[in-house]
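# Descriptive analysis of the structure
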Amino acid sequence: MKSILKAVKIVLPLCLFALLPLRAQAQKFALIDMEYVLSNVPAYERANEQLNQVSKKWQAEVEALNTEASTMYKNYQNEVVFLSQEQKKKKQEDIMAKEKQAADLKRKYFGPEGELFKKRTSLISPIQDEIYNAVKDISDQRGYSLVIDRSSQTAGIIYGSPKVDISNEVLQKLGYGN
């Protein structure tokens, strides 16, 4: 038992001494709450308002075409008994063409590479670039090697000290500080 205690007394200080260089080279990190930063950037709010307005306008266009197609179909159902085969076929083709037109317009505006995506990119990217540059400048000045978005669901942060949150500094650097 005495030999184990003696070994622990010798080995433990050696282990602690060996870990000192690791502690001296610890990485500095900071947290940022991007939701908070973005909610305090007026340009971001204006961009979202623009996107909402254009989205509503485009949605109304798509809905107008869908309503036209629906009206055409109801009229067709009311007239079907009086129409010849050729007339039925023509009306069906017209209805399908109108539905296709609505679907194409919806895809053009709201598809993965649609106009709304392009508009969002053109409005939001400059704001994101400005924030990134402010974060980079602050990180370079303070020696942070990592800045984590605390508002992100994927960050996996359970606790973040408010002492390392640089959200207000980023807003000040952008000219929106409190």
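Given the structure is predicted, the values throughout are model-derived calculations rather than measurements. (Residues numbered from 1 in each chain as written. Predicted model: local features only at pLDDT ≥ 70, side-chain atom pairs only at ≥ 80, totals over all residues. Heavy atoms only, no water.)

Per the secondary structure count, the protein chain includes 6 helices and 2 strands. Counting from the amino terminus, the protein chain carries its helices and strands in the arrangement α-β-α-α-α-α-β-α. Residues counted as buried form 22% of the 178 residues belonging to the protein chain. In the protein chain, the share of contacts with a sequence separation of at least 24, taken over all contacts with a separation of at least 6, comes to 77%. With the model as given, the accessible surface of the protein chain reaches about 13100 Å², and the carbon-plus-sulfur share is 56%. (Helix = DSSP H or I, 4+ residues; strand = E, 2+ residues; numbered from the N terminus. Buried < 20%, exposed > 50% of the residue type's maximum accessible area, 1.4 Å probe, protein only. Contact = heavy atoms within 4.5 Å. Areas by Shrake-Rupley, 256 points an atom, 1.4 Å probe, with all protein chains shown as cover.)

What follows deals with the packing of helix 5 (residues 115–142) against helix 6 (residues 167–174). A pair of packed helices is captured by two measures, namely the crossing angle of their axes and the spacing between those axes. It is at 9 Å that the axes of helix 5 and helix 6 come closest, and there the two elements cross at 115 degrees. If you check the angle between helix 5 and helix 6, you find them roughly perpendicular. Crossing hand, helix 5 versus helix 6: right-handed. Facing E130, I131, A134, V135, D137, I138, Q141 and R142 of helix 5, the residues of helix 6 in contact are E169, V170, K173 and L174. Taken together, the residues that form the contact of helix 5 with helix 6 break down as 6 nonpolar, 1 polar and 5 charged. (Axes fitted to C-alpha atoms, helices over the stretch in contact; angles between N-to-C directions. Parallel < 35°, antiparallel > 145°, perpendicular 65-115°, else oblique. Left-handed = near helix turned anticlockwise from the far one by under 90°. Nonpolar A, V, L, I, M, F, W, Y, C, P; charged D, E, K, R; others polar.)

Turning to the packing of aromatic side chains, a few remarks are in order. Tallying each qualifying case throughout the model produces 3 aromatic pairs. Members of the aromatic cluster, connected to one another through ring pairs, are W58, Y109 and F110. (Phe/Tyr/Trp six-rings, centres within 6.5 Å; stacked < 30°, edge-to-face > 60°.)

Let us now look at the packing of helix 3 (residues 42–79) against helix 5. Put simply, helix 3 and helix 5 touch, their axes get as near as 10 Å, and they point 170 degrees apart. As summarised for this structure, helix 3 and helix 5 are arranged roughly antiparallel, according to the angle between their axes. Residues A43, Y44, A47, N48, Q50, L51, V54, S55 and W58 of helix 3 pack against E115, L116, K119, R120, L123, I124 and I127 of helix 5. Per-class residue counts for the contact of helix 3 with helix 5 are 10 nonpolar, 3 polar and 3 charged.

Membership of the largest hydrophobic core comes to 27 residues, with the highest contact counts inside it found for V37, I131, I166 and V170. Contributions of two or more residues to this core are made by strand 1 (28–32), helix 2 (34–39), helix 3, helix 4 (85–110), helix 5 and helix 6. (Core = buried A, V, L, I, M, F, W, Y, C linked by side-chain atoms within 4.5 Å.)

Confidence along the protein chain averages 84 in pLDDT terms, with 80% of residues attaining 70 or more. When pLDDT is averaged over each element of the protein chain, helix 3 comes out on top at 96 and helix 1 (residues 2–24) at the bottom at 49. Predicted confidence for residues 11–17 stays below pLDDT 50, and this span has 1 contact to residues more than four positions away or in other chains. (pLDDT = per-residue confidence, 0-100.)

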